[in-house]
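Commentary on secondary and tertiary structure
Each chain is listed here by its residues.
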Amino acid sequence: MTTRLIDESLFENGEYDGGDPPRLTGARCSACATVVFPRQNSCPRCPDGTMAAHVLPVSGRVWSWTLQTFPPKPPYRPPAGGHRPYHVGYVDLGEVLVEARLAVPRPEIRIGLPVRLTTVPAYRDEEGTDVMTFAFRPEPDGER
Ligand SMILES: [Zn+2]
């Protein structure tokens, strides 16, 4: 079984070996230190800085969440067997809020929950490759 990442530009290095999840990479402004994700070429807060690749922390806390009950608009592709509802929300990584899937069971999910970066299967492409996307799961050592 082969896997690949859904969008290699989001990650520190585009290779994925199925082990530890690759780190998410955004960009940081050289002038005001604003961090953005995904990467962009100009700072949203000031006209002075240049944006450089910036690897994000792997741990954070759920900032808000909701249940994605219906299939999102493209480029979303439903998995084999069709769309199943999943949690989605914002994770506060300290320096930036990241929109992500939340691989957290319904009884556990709450604002403030400590979470850690992981990957989850998004869909299987025409070549039979499992396409992985990033998500956050409950921090194993986090307070509950
Ligand atoms: Zn700036």
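Our subject is the structure that appears above.
Residues numbered from 1 in each chain as written. Predicted model: local features only at pLDDT ≥ 70, side-chain atom pairs only at ≥ 80, totals over all residues.

1. A look at the overall build of the protein chain
Note the threshold: Only DSSP runs of H or I with at least four residues qualify as helices, and only runs of E with at least two residues qualify as strands; both kinds are numbered from the N terminus onward. Around each residue's C-beta, the other C-beta atoms within 10 Å are counted; 20 or more make the residue buried, 12 or fewer make it exposed, and counts in between make it partly exposed. All C-beta atoms are placed from the backbone. Distance between backbone-placed C-beta atoms decides contact: two residues are in contact if it is within 7 Å.
Of regular secondary structure, the protein chain possesses 0 helices and 9 strands. Written out in order from the N terminus, the α and β elements of the protein chain read β-β-β-β-β-β-β-β-β. Sorting the 144 residues of the protein chain into buried and exposed places 23% on the buried side. Of the contacts made within the protein chain by residues no fewer than 6 positions apart, 50% connect residues no fewer than 24 positions apart.

2. What about the sheet that holds strand β2 (residues 25–29)?
Short version of the rule: Note: two strands are recorded as paired if DSSP finds a minimum of 2 bridges between them.
Sheet architecture is open: 3 strands sit in the order β3-β2-β4, paired in antiparallel fashion. In the strand order of this sheet, the two ends are held by β3 (35–36) and β4 (51–55), each with one partner. Strand direction decides the pairing type here: β2 and β3, joined by 2 bridges, are antiparallel. From the neighbouring strand, A27 faces β3, where its bridge partner is V36.

3. Quick look at unusual backbone geometry
For the bond running from F37 to P38, omega is -5°, close enough to zero to count as cis. Mapped onto the elements, P38 comes out in the loop between β3 and β4. Backbone geometry places A33, a non-glycine residue, at a positive phi of 70°. Counting through the fold element by element, A33 comes out in the loop between β2 and β3. For A33, a count of 13 C-beta atoms within 10 Å puts it in the partly exposed group.

4. Remarks on the pairing of strand β8 (residues 114–124)
Within a regular strand, the side chains alternate between the two sheet faces. In this sheet, β8 lies alongside strand β5 (residues 59–68) in antiparallel orientation, the contact comprising 3 bridges. From the neighbouring strand, R61 faces β8, where its bridge partner is P114. Pairing analysis gives 9 bridges linking β8 to strand β9 (residues 130–138), with the strands arranged antiparallel. Pairing of P121 across the sheet is with M132, part of β9. The antiparallel hairpin formed by β8 and β9 contains 5 residues in its connecting segment, where G128 sits at a positive phi of about 85°.

5. A closer look at the nonpolar core
Quick note on the threshold: Here, a nonpolar core denotes buried Ala, Val, Leu, Ile, Met, Phe, Trp, Tyr and Cys residues that are linked to one another through C-beta atoms within 7 Å.
Counting residues in hydrophobic clusters, the biggest one holds 22 residues, and the most contacted among them are V91, V98, A100, L102, V115 and F136. Elements represented by at least two residues in this core include exactly β2, β7 (97–102), β8 and β9. Setting aside its immediate chain neighbours within four residues, L102 contacts V62, W65, H87, V88, G89, I109, V115, A135 and F136.

6. Here we look at the environment of S9
Relative to the helices and strands, S9 is located in the loop between β1 (3–5) and β2. Sequence-wise, S9 and T119 are 110 residues apart; in three dimensions their C-alpha atoms are separated by 15 Å. Leave out the neighbours within four places in its chain, and S9 touches P38 and R39.

7. Side note on the pairing of β9
Bridge count for β1 against β9 is 3 bridges, and the pairing is parallel. From the neighbouring strand, L5 faces β9, where its bridge partner is M132. In the sheet, β7 pairs with β9 via 2 bridges, with the strands oriented parallel. Across the sheet, residue R101 finds its bridge partner in β9, namely A135.

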